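# Observations on chain architecture
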Amino acid sequence: MDRSIGERRAVLEVRLAQQLYTFWNTGEKKHLDLAVSPDFRDNTLPPGRPQGPAGPVFASANFRAAVPDLTCELSDLLITGDKITARLVFRGHFTGTYNGVKGKGQTVDFNAIDIQHVGARQIVEDWHIEDNQTLLSQLGVA
């Protein structure tokens, strides 16, 4: 944690990270609403995903349709200035459907890295990269 930002700011950013990744762990929108601004912008928006807070809701719902027992572990958290950097591990079992392919219970276990830009009170934008090659291979659709 970057101690130069002050304890109050550091606590805010840790709380926002906890809320955001609780959303990814549970799919419960109330956590996302607490973490991200209504003006939130995804700077690495995948094709077909809506911009703004609707994007993570869309992504979570679609992912949980394929992996209903999805969990998100916040493995590493770095707070530097107005940025949150997180290493995440997503796990679960492919028992749902993805792009017309029905899962057979395959294990899903892949990493992602997020960089979140925090405004005055909430996350205002992000950049993210997921290990999609590993995910698609585990789903059997690569």
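Because the structure is predicted, anything quoted here is derived from the model rather than measured.

## Considerations on the overall build of the chain
Counting its secondary structure elements, the chain contains four helices and seven strands. Shown N-terminal to C-terminal, the secondary structure of the chain runs as helices and strands in the order α-α-β-α-β-β-β-β-β-β-α. For the chain, whose C-alpha radius of gyration is 15 Å, the value lies close to the compact-globule estimate of 14 Å for 142 residues. For the chain, the C-alpha atoms occupy an extent of roughly 50 × 25 × 25 Å along the three principal directions. Per element, the accessible surface of the chain, about 7600 Å² overall, is 54% carbon and sulfur. For the chain, the separation between the mean place of its 15 positive charges and that of its 17 negative charges on side chains is 4 Å.

## Looking at the pattern of salt bridges
For side chains bearing opposite charge, pairing can occur when the charged atoms are close. As enumerated under the stated definition, the model contains eight salt bridges in all. Salt-bridge contacts for Lys-30 lead to Glu-28; the nearest nitrogen and oxygen are separated by 3.8 Å. Note on Lys-30: relative accessible area 53%, which makes it exposed. Close ionic contact of Asp-42 with Arg-49 constitutes a salt bridge, the shortest N to O distance being 3.8 Å.

## Thoughts on the packing of aromatic side chains
One pass over the structure, following the stated rule, counts five aromatic pairs. Consider the rings of Phe-23 and Trp-24, whose centres lie 5.1 Å apart with planes at 65°: the pair is edge-to-face. Accessibility expressed as a relative area gives 1% for Phe-23, which makes it buried. A ring pair is formed by Trp-24 and Phe-90, whose centres lie 6.4 Å apart and whose planes are at 90°; its orientation type is edge-to-face. With Trp-24 in helix α1 (residues 7–26) and Phe-90 in strand β3 (residues 83–94), this pair connects stretches of sequence that are 66 residues apart. One aromatic cluster in this structure is built from Phe-23, Trp-24, Phe-63, Phe-90 and Phe-110.

Parameters at a glance
- Residues numbered from 1 in each chain as written.
- Predicted model: local features only at pLDDT ≥ 70, side-chain atom pairs only at ≥ 80, totals over all residues.
- Heavy atoms only, no water.
- Helix = DSSP H or I, 4+ residues; strand = E, 2+ residues; numbered from the N terminus.
- Rg over C-alpha atoms; globule rule 2.2 N^0.38 Å.
- Areas by Shrake-Rupley, 256 points an atom, 1.4 Å probe, with all protein chains shown as cover.
- Lys, Arg positive; Asp, Glu negative; His and termini not counted.
- Charge placed at Lys NZ, Arg CZ, Asp CG, Glu CD.
- Salt bridge = Lys/Arg side-chain N within 4 Å of Asp/Glu carboxyl O.
- Buried < 20%, exposed > 50% of the residue type's maximum accessible area, 1.4 Å probe, protein only.
- Phe/Tyr/Trp six-rings, centres within 6.5 Å; stacked < 30°, edge-to-face > 60°.

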